[in-house]
Amino acid sequence: MYLSTIDKPRTANWKGLSGNVFALGTVSLITDVSSEMVAAILPLYLVIGLQLSPAAYGLIDGVYTGATTLLRLAGGYLADRTNKRKAVAGFGYGISAVAKLGLLAAGNSLTALGFAITADRAGKGLRTAPRDALITLSTPSGDLGRAFGVHRAMDGIGAFAGPLVAMAVLAASAQSFDAVFVTSACIAAFGVLVLVLYVRDRPEPLARKEPLKLALLKDPAVRRIVLAASLLGLVTIGDGFVYLLLQKREGLAFGWFPLLAVGTSLVYLLLAAPLGALADRIGRLKVMLAGYGALTVVYLLLHGPLGGWPLLVLVVLLYGVFYACTDGVLMALAGPVLPERLRTTGIALIQSGQALAYLGSSVLFGLAWQFWSPEAATRIAAVAVVCALIATAALLGRRR
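Conventions used here
Residues numbered from 1 in each chain as written. Predicted model: local features only at pLDDT ≥ 70, side-chain atom pairs only at ≥ 80, totals over all residues. Heavy atoms only, no water. UniProt positions renumbered as here; feature names shortened; annotations may be inferred. Helix = DSSP H or I, 4+ residues; strand = E, 2+ residues; numbered from the N terminus. Areas by Shrake-Rupley, 256 points an atom, 1.4 Å probe, with all protein chains shown as cover. Phe/Tyr/Trp six-rings, centres within 6.5 Å; stacked < 30°, edge-to-face > 60°. Buried < 20%, exposed > 50% of the residue type's maximum accessible area, 1.4 Å probe, protein only. Expected span 1.5 Å × (residues − 1). Bend = angle between axes of the 7 residues up to and from the residue. Core = buried A, V, L, I, M, F, W, Y, C linked by side-chain atoms within 4.5 Å. Domains from an automatic or database assignment. Contact = heavy atoms within 4.5 Å.

By the naming in an unreviewed UniProt entry, the protein chain is Nitrate/nitrite transporter NarK, taken from Lentzea albidocapillata. Regarding the protein chain, the relevant UniProt record gives this comment under Subcellular location (unreviewed entry): "Cell membrane".

K.L.:
Any details on the overall build of the protein chain? Residues and values, ideally.
P.N.:
Looking only at helices and strands, one finds 16 helices and 0 strands in the protein chain. Of the accessible surface of the protein chain, which amounts to about 15,800 Å², a share of 69% is contributed by carbon and sulfur atoms.

K.L.:
I'd love a proper account of the packing of aromatic side chains, names of residues and values included.
P.N.:
As enumerated under the stated definition, the model contains 9 aromatic pairs in all. For the ring pair Tyr243 and Tyr319, a centre distance of 6.0 Å and an interplane angle of 90 degrees mean the geometry is edge-to-face. Of this pair, Tyr243 sits in helix α11 (residues 239–250) while Tyr319 sits in helix α14 (residues 308–334), and the two are 76 residues apart along the sequence. On the accessibility criterion, Tyr319 (0% relative accessible area) is buried. Pairwise contacts between aromatic rings join Tyr243, Tyr268, Tyr292, Tyr319, Phe322 and Tyr323 into one cluster.

K.L.:
So what's going on with helix α6 (residues 110–137)? Which residues, and what values?
P.N.:
Compared with the 40 Å implied by 1.5 Å per residue over 28 residues, the 41 Å span of α6 between its first and last C-alpha is a close match. Along α6, the largest kink reaches about 30 degrees and is centred on Arg127; proline Pro130 follows within four residues of it. Burial of α6 is extensive: 20 of the 28 residues sit out of reach of the surface.

K.L.:
Outline unusual backbone geometry, supporting the account with residue identities and numerical values.
P.N.:
Even without glycine at this site, Asn83 takes up a positive phi of about 65 degrees. Note on placement: Asn83 falls in the loop between α4 (69–82) and α5 (85–106).

K.L.:
Which residues make up the UniProt feature "transmembrane region" (unreviewed entry) in the protein chain, and what are the values?
P.N.:
UniProt's entry tags residues 156–174, 180–200, 221–246, 252–273, 285–302, 308–334, 355–372 and 378–397 with the feature "transmembrane region" (unreviewed entry), counted in the numbering of this structure. The span residues 308–334 shows a helical share of 100% and a strand share of 0%, and its end C-alpha atoms are spaced 40 Å apart. Structurally, residues 378–397 comprises 95% helix and 0% strand, and the distance from its first C-alpha atom to its last is 28 Å.

K.L.:
With reference to specific residues and values, describe the nonpolar core.
P.N.:
The biggest cluster of nonpolar side chains holds 103 residues, and the ones touching the most others in it are Val242, Leu260, Met288, Tyr292, Tyr299, Ile350 and Leu396. The greatest single-element share of this core, amounting to 16 residues, is contributed by α14. Each of two domains, domain 1 (18–202) and domain 2 (213–399), supplies a minimum of three residues to this core. Residues in contact with Leu260, not counting those within four places in the same chain, are Tyr243, Leu246, Leu252, Leu312 and Val316. Ranked by size, the runner-up nonpolar core spans 7 residues in total, among them Met37, Ile41, Val169 and Leu170.

This is the structure in structure tokens:
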């Protein structure tokens, strides 16, 4: 029903949000069903099925997010230069859809699997900044927290449903991973169709073409946000590591493993919109820092005195709170600082800093796990998050 309101006045939509926000949310919902079908089973498949070491998994996990940094920048810059944010985002969504079939063709080849995973993340790298820029350009600055919260909540519905769909496909296909990959590709293609039919571009005048370094990197506020985002990315370990540590500590059966992601996504989708609205009211920086505080507690709990189901429930709850407080809130925090004409490039710059830092984080955490111990690795990560929180508060607290 939200898609039918796209061409109506902004005030006709839910609480004043543009129909474009709901259209983009629908695309993200469908795409996340596809992506999370694969992501929910991939850590277990790589570590248990292919017997990868923690260090090797850390490298692949880092590449999964961090190796597309240049494509994020290229996608953002291209979208701003051509003024075709929808087209660039659609191309990224299309690459990810085709990459799901690449997973099917890869079989047990680790090299081919790596190429398919990289292609999937390349698509995400191209699409994310243009998509988020379209949200900021479709929403008044005072409502950005709520707009991103609604979008991320819809995205979270897809992340919640994806592992459940994967489990259903595995059950119906006698545990066939190929069936999961084919179903995932079909769902991703449907998401591209929704983008083409319902999302509207928000072109801006192209009168002036200042050099990127003068328009963005010369601005101290932009530099501080990029630096803060990079610091926070450097202290964030991947979901797969968190879930693998829980599975290892509690001896969870493999069939229960995807439900850890389901629980996190459920908390995320329930809290993303309320916390986004709260960020608009009390301050986006406060909410984002609170989210990283929750992440610190998660890392400490992984090897703390608590165990059993109370541990699983508390970690999943706090992990969902972390994502709800940070994912869209950082973009809402950055939106008003970035010039509209280079909004996509600016968002890509911030996301690229995070992605590149995340690559280093995954590799370092995997090495610390393998050569020291998982306990030492997670405690070091917790201390690093606290240090990054202090630095972020100092950098962004004086942004005004």
